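# Tertiary structure, described
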Amino acid sequence: MSDAVLEGLLFDGRSAAATPIRVAFTGGILTVTTPEGQLLVEDALARLAVTEAFGSAPRQIRLPGGTVVEVPDGTALTAALGAAGRRPGLVDRLEARWRAALAAVVACAGVLVAAYVYGLPAAARWIARRLPASAEQRLGDGALEILDGNLLRPSTLREGERRAAQARVDDAARLGAPGVKYRLLFRSTGLGSSTNAFALPGGTVVLLDGLVRGTAGDDRLVAVVGHELGHVARRHSMQAFLMSAGVGAVASLVWGDFSGQAAGIPATLAMFDYSRDAEREADEDAVRFLRGSGRSALPMVDALCLLQSVERAAAMGGLPRFLSTHPKLAERIEHVRKLGNVDPSYRCPDPPPEAGPTCEPANDEDDEHEPASGGPGGAPRPGND
Amino acid sequence: MHELDAAAHAVPAAFTAAPAPPTQPQRLPVRFSGSGGEYFRIWIVNLLLTLVTLGIWSAWAKVRKTRYFWSNTQLAGAAFQYHGNPVAILRGRLLAGAFLVAYSVAGRISITAGMIAGAVLMFLSPWFFYKSMRFKLANTSWRGLWFGFDSTARQAYAVLAPAMVLGGLLFVSLAAMQRFAPGETPNPVPVLLVELAFFVFWPWLHARVKAYQHGRARYGSLAFELEPSTGAFYGVYGKAFLVALPFFVLLGVVMAAMFAATGVLKEPTAMKRALIPIMVVTYAVFLVAYAFAGAFFTARLQRLVWTRTHAGPVHFSTSVTARGYMRVWIVNGLLTLLTIGIYWPWAAVAIARYRLDCMTVEAGAPLEAIAAGSLPTERSATGEGAVDLFGWDIGL
């Protein structure tokens, strides 16, 4: 068999002293001798543990009784072991080959793309559907507690305005989304536009004052709530939470060694991307909701037009569009228009005549500040519902 | 087994000398033989295996990657060996992962639950730290002898008690701020006082932890020791602060100029327009400040710690410089970002090579005299898992 003789050091495990030795493999037997040829150890190769083959790095052979043989020339030891019939492990061999490494690059990219496009959304949907409603409710309550403590302020709507909005929505929901449990909350915001609404896990839909005022007396509010109830029924918040956790976990596997902060970037970017799909789904739900309650899809188009005009008013140097969670409103309008068979020649009213406060962002902001300063808009009311 | 003389060419001169104690300290060569290409292949193969096993292989990947670096680190002609058990690491990571999930879910359920989870985590952190140190050192060997961390959980808590007291105060003061209803102005004085205390005591706490980390380390029968160096820590922190100061002044000047240029002061709505440029400039200045002040701090701190560390007759020193670190960091950071992470394995090897090539080890007595120690082995990797997952890695 192999007669390669390798130089090495023997450590007895009792002191740091090193003994120079020679190592040879003959017929599956390891022999350790002094440089003069005196036999020190003889053992069956199959019984011994040998450390991984890392290129030319030194490798160690562990002998019974705590003795260790270290061979500085790892490449030579790997060759000698191979000749003696002991091949490196599968992972060792993959790590040793450039071709395997390049294949791994391609495979990693494939796995990441597949997980991003199919795996994570499917897994998040599956888990979100199986989580008990109480867990979702609790997450929603927690989020509301934090939002109320920081960003949101009590609503400044009059009792009558609130009742009218509630009645309009309840009326539509009875027909449009009979199975979906929800509750409406009215709030104003401390900063930014308040022509908006959002859904929390567990079915809480928060309507901001600007939206309720801007859509008073028409079905755009119903369309927006239909959209939000779509988020609720599909458990989008829960899915978003799960997916951001998933992307974060994968990103930390890939980039965590480099920098934890860098690993956080893909998770953030991914959420903007995933939220686009969620918005489209909820838009489709809104159209279904409107139809179910005996309305046309037009209010949804108009509601999106309203959002677009608000976004345009705020667009002067705000966040770049690719960072917006409601991007490409024009695309969404087009999608809803096709889906709802709205006359293709229909254009957004420009400027929207009903969208009072949103046309004049300065006024809008003044409105927002009034309650905090106890202005004539009425003393701050405690949060309702 | 001790016919040493005839094999002078096989081992470094330091260990073939006659066993009589040398009068001159002997310089032990440090060599790092890893290569970026080799490590890239290991990294990418293990990354793929980790992804297709849904993260389970990450424990084996960690062991293989650590073993690659240790095997390629040679001191006096012998390599280091890492013996961490992947199954134990996997168990530790699963446990730490459960903690992490509980912690992040608690924070979303309510502020109180999040605070309780944070307090529990803070109370456990000295234990994690201690267990992690033990796991790291008790699973590393060189020349057939094992390293160890000769301490108890009680000692770890005693060392970290001042940090926990300060952390607890910060916690309480923040909690008090949270209880204010929106609109009311909370009193910021307690929080500022605690932050000031952190600022003042931080170098002392750092020196205390380093003295503990290095002082309880063992190699065989040798005990490591870090000379008392609290004053030197204050010196390094103070100088790093002075190095960073011009950048903060620069940031202030640039911000003021940008505010003036965009007209934010006259017209508050222009803030939106100025937001992105301000963010970009702030980030850029922070990165440059980090490259300068961070490199300065890292180099000075390593020099401080290693020149004052010794293990019996074995002394250490390092010649790392701020300039050297800056060069390695800037090249690494740029190439890693430009290649969306593909360059990272080369970067990791470059950092290891720089650090190790700058190390000097001098033995004032023959290494043959070092005997095996009697510390128990450490099998539980819970602390290691927590340190990995929460990103608390405090390198030696």
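Residues numbered from 1 in each chain as written. Chains lettered and ligands numbered in written order. Predicted model: local features only at pLDDT ≥ 70, side-chain atom pairs only at ≥ 80, totals over all residues.

## Comments concerning the overall build of chain B
- In terms of regular secondary structure, chain B is built from 11 helices and 11 strands.
- In chain B, which comprises 396 residues, the share counted as buried stands at 33%.
- Long-range contacts, defined here as pairs at least 24 residues apart, represent 70% of the contacts in chain B between residues at least 6 apart. (Helix = DSSP H or I, 4+ residues; strand = E, 2+ residues; numbered from the N terminus. Buried ≥ 20, exposed ≤ 12 C-beta atoms within 10 Å, placed from the backbone. Contact = placed C-beta atoms within 7 Å.)

## Things to note about the environment of His231(A)
All names here are of chain A.
- With respect to the helices and strands, His231 occurs in helix H7 (residues 220-233).
- Sequence-wise, His231 and Leu200 are 31 residues apart; in three dimensions their C-alpha atoms are separated by 8.7 Å.
- For His231, the residues in contact, after removing those within four places along its chain, are Ala199, His236, Ser237, Ala278 and Ala282.

## As for the packing of helix H3 (residues 98-130) of chain A against helix H8 (residues 236-255) of chain A
All names here are of chain A.
- At a closest axis distance of 9 Å, the pairing of H3 and H8 adopts a crossing angle of 135°. Relative to H8, the element H3 lies oblique. Once H3 is placed against H8, the crossing between them reads as right-handed. Residues Ala115, Leu120, Pro121, Ala123, Ala124, Arg125, Ile127 and Ala128 of H3 form the contact with H8, whose participating residues are Met238, Gln239, Leu242, Met243, Gly246, Val247 and Val250. (Axes fitted to C-alpha atoms, helices over the stretch in contact; angles between N-to-C directions. Parallel < 35°, antiparallel > 145°, perpendicular 65-115°, else oblique. Left-handed = near helix turned anticlockwise from the far one by under 90°.)

## Some thoughts on unusual backbone geometry
- Positive phi outside glycine occurs at Arg235(A), with the angle close to 55°.
- Residue classification places Arg235(A) among the buried residues on the basis of 23 C-beta atoms within 10 Å.
- Its identity as a non-glycine residue notwithstanding, Leu54(B) has a phi of 55°, on the positive side.
- Inspection of the secondary structure assignment puts Leu54(B) in the loop between helix H1 (36-52) and helix H2 (58-71).

## Remarks on the pairing of strand E6 (residues 59-62) of chain A
Residue and element names in this part refer to chain A.
- Sheet analysis places strand E5 (residues 49-50) next to E6, joined by 2 bridges and oriented antiparallel. Each bridged residue has a counterpart across the sheet, and for Ala49 the counterpart in E6 is Arg62.
- Counted along the chain from E6 to the antiparallel partner strand E7 (residues 68-71), the turn is 5 residues long, and its residue Gly65 has a positive phi close to 85°. (Pairing = 2+ DSSP bridges.)

## Considerations on the interface of chain B and chain A
- On the chain A side, the residues contacting the 56 residues of chain B number 57 residues.
- Elements that contribute at least two residues to the side of chain B that touches chain A include exactly H1, H2, strand E4 (78-82), helix H3 (86-109), helix H8 (271-307) and helix H10 (344-357) of chain B.
- Per-element tally for the side of chain B that touches chain A: the top contributor is H1(B), with 11 residues.
- When grouped by side-chain class, the residues that make up the side of chain B that touches chain A number 30 nonpolar, 16 polar and 10 charged. (Nonpolar A, V, L, I, M, F, W, Y, C, P; charged D, E, K, R; others polar.)

## Some remarks on the nonpolar core
- Val69(A), Tyr39(B), Ile44(B) and Val45(B) are the most contacted members of the largest nonpolar core, which totals 85 residues.
- The dominant element in this core, judged by the number of residues it contributes, is H1(B), at 9 residues.
- Val222(A), Val225(A), Leu229(A) and Ala297(A) belong to the second largest nonpolar core, which has 57 residues in total. (Core = buried A, V, L, I, M, F, W, Y, C linked by C-beta atoms within 7 Å.)

## Description of the packing of H1(B) against H10(B)
Residue and element names in this part refer to chain B.
- Direction vectors running N to C along H1 and H10 enclose 130°, while the axes themselves pass 8 Å from each other. Taken together, the axes of H1 and H10 are oblique relative to one another. Here H1 runs over H10; the crossing is right-handed. For the pair formed by H1 and H10, the contact residues are Gly36, Tyr39, Phe40 and Trp43 on the first element and Pro345, Trp346, Ala348 and Val349 on the second.
- Across the contact of H1 with H10, the residue classes break down as 7 nonpolar, 1 polar and no charged.

## Side note on the sheet that holds strand E11 (residues 204-208) of chain A
Residue and element names in this part refer to chain A.
- One open sheet accounts for 4 strands, arranged E8-E9-E11-E10; its pairing is mixed. Strand pairing shows two members of the sheet lacking a second neighbour, strand E8 (152-154) and strand E10 (197-200), which therefore form its edges. Within this sheet the neighbouring strands show an average axis-to-axis angle of 45°, counted without direction.
- Across 3 bridges, the pairing between E8 and strand E9 (residues 183-189) is antiparallel. The residue of E9 that forms the bridge with Leu152 is Thr189.
- The strands touched by helix H4 (residues 133-150) are E8, E10 and E11; relative to E10, the strand with the most contacts, the crossing angle is about 135°.

## Quick word on the sheet that holds strand E10 (residues 314-318) of chain B
Residue and element names in this part refer to chain B.
- Pairing is antiparallel in the open sheet, where 11 strands are placed in the order E1-E11-E10-E9-E8-E7-E6-E5-E4-E3-E2. Because the sheet does not close on itself, it has two edges, and the strands there are strand E1 (26-28) and strand E2 (30-32). Strand after strand, the sheet turns through a mean of 25° between neighbouring axes, direction not considered.
- In this structure, E1 lies alongside strand E11 (residues 359-363), joined through 3 bridges in antiparallel fashion. What sits directly across from Arg27, in E11, is Glu362.
- Those strands touched by H2 are strand E3 (73-75), E4 and strand E5 (140-142), and its axis lies near 165° from that of E4.

## Quick look at the pairing of strand E6 (residues 145-149) of chain B
Residues and elements named next belong to chain B.
- Summarising burial for E6: 5 of the 5 residues are buried, a large majority.
- Alignment of E5 against E6, held across 2 bridges, turns out to be antiparallel. Across the sheet, Trp142 pairs through a bridge with Leu145, a residue of E6.
- Hairpin connection from E5 to E6: 2 residues lie between these consecutive antiparallel strands, with Arg143 at a positive phi of about 55°.
- Pairing analysis gives 3 bridges linking E6 to strand E7 (residues 217-219), with the strands arranged antiparallel. Across the sheet, residue Phe147 finds its bridge partner in E7, namely Tyr219.

## Comments concerning helix H4 (residues 111-138) of chain B
- In a regular helix each residue adds 1.5 Å, so 28 residues correspond to 40 Å; H4(B) covers 39 Å between its end C-alpha atoms and thus fits that length.
- At Leu124(B), H4(B) shows its strongest bend, of approximately 40°, with the proline Pro126(B) following within four residues. (Expected span 1.5 Å × (residues − 1). Bend = angle between axes of the 7 residues up to and from the residue.)

## Overview of the confidence of the model for chain A
- The predicted model of chain A has a mean per-residue pLDDT of 80, with 84% of residues at 70 or higher.
- The secondary structure element of chain A with the lowest average pLDDT is helix H13 (residues 361-372) of chain A, at 35, and the one with the highest is E7(A), at 94. (pLDDT = per-residue confidence, 0-100.)

## Side note on the environment of Leu221(A)
Residues and elements named next belong to chain A.
- Considering the arrangement of structural elements, one finds Leu221 in helix H7.
- In the structure, Leu221 is positioned 114 residues away from His335 in sequence and 19 Å away in space, judged by C-alpha atoms.
- If we ignore the near neighbours within four places in the chain, the residues touching Leu221 are Ala165, Arg168, Val169, Val212 and Thr215.

## Description of the confidence of the model for chain B
All names here are of chain B.
- Averaged over every residue, the pLDDT of chain B is 84; the share at 70 or more is 83%.
- Scored below 50 in pLDDT, residues 1-19 shows 31 contacts in the model against residues more than four places distant or in partner chains.
- Under a pLDDT of 50 for its full length, residues 392-396 has, in the predicted model, 3 contacts with residues more than four places off or in other chains.
- Interface predicted TM-score (ipTM) for the complex: 0.79; the corresponding pTM is 0.81.

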